[in-house]
Amino acid sequence: MSELKFDETKIPENFSKTLVAKNFTFAAAHVNKIGRVILDAVSRCLGSIKDIDKKQAVVFKGLDNTFLAAAVVKYHKNEDDPDNLASGN
């Protein structure tokens, strides 16, 4: 899987164009703020539902139910102290 910085993708520009087409005025320069708010919200959500025994995920789908993106949290044991559950990440 490749990794891109949000600001280096076409997402801000495309998002802005879509909003303009729906009669919203929203500059592409401000779209990264939305991305950061979403990232913060998803991180907080995953932090509140994390589970040592299983992966947890937030999945984003389009209106037609197509996969767009996902964020996953999974517990990894600390190899140096495997009996201490609080020391994992």
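For the structure itself, look to the data block above.
Scoring rules and cut-offs
- Residues numbered from 1 in each chain as written.
- Predicted model: local features only at pLDDT ≥ 70, side-chain atom pairs only at ≥ 80, totals over all residues.
- Heavy atoms only, no water.
- Buried < 20%, exposed > 50% of the residue type's maximum accessible area, 1.4 Å probe, protein only.
- Helix = DSSP H or I, 4+ residues; strand = E, 2+ residues; numbered from the N terminus.
- Arc of directions from axis to C-beta.
- Patch = residues over 30% accessible without salt bridge, like charges linked within 9 Å, V, L, I, M, F, W, Y side chains within 5 Å.
- Areas by Shrake-Rupley, 256 points an atom, 1.4 Å probe, with all protein chains shown as cover.
- Salt bridge = Lys/Arg side-chain N within 4 Å of Asp/Glu carboxyl O.

### A few points about helix α1 (residues 11–21)
Among the residues of α1, Pro-12, Ser-16 and Leu-19 are the ones counted as buried. Summarising the axial view, the buried residues of α1 lie within an arc of 65°, below the 170-degree limit, and thus occupy one face. Turned more than 90 degrees off the buried face of α1, the exposed positions are Lys-17 and Ala-21. Note on α1: the residue one or two positions beyond its end, Asn-23, has a positive phi of about 70°.

### Brief notes about a nonpolar patch on the surface
Residues Ile-38, Phe-60 and Leu-68 make up a contiguous nonpolar surface patch of roughly 280 Å² in combined accessible area. Of the residues examined, Phe-60 reaches a relative accessible area of 35% and is grouped as partly exposed.

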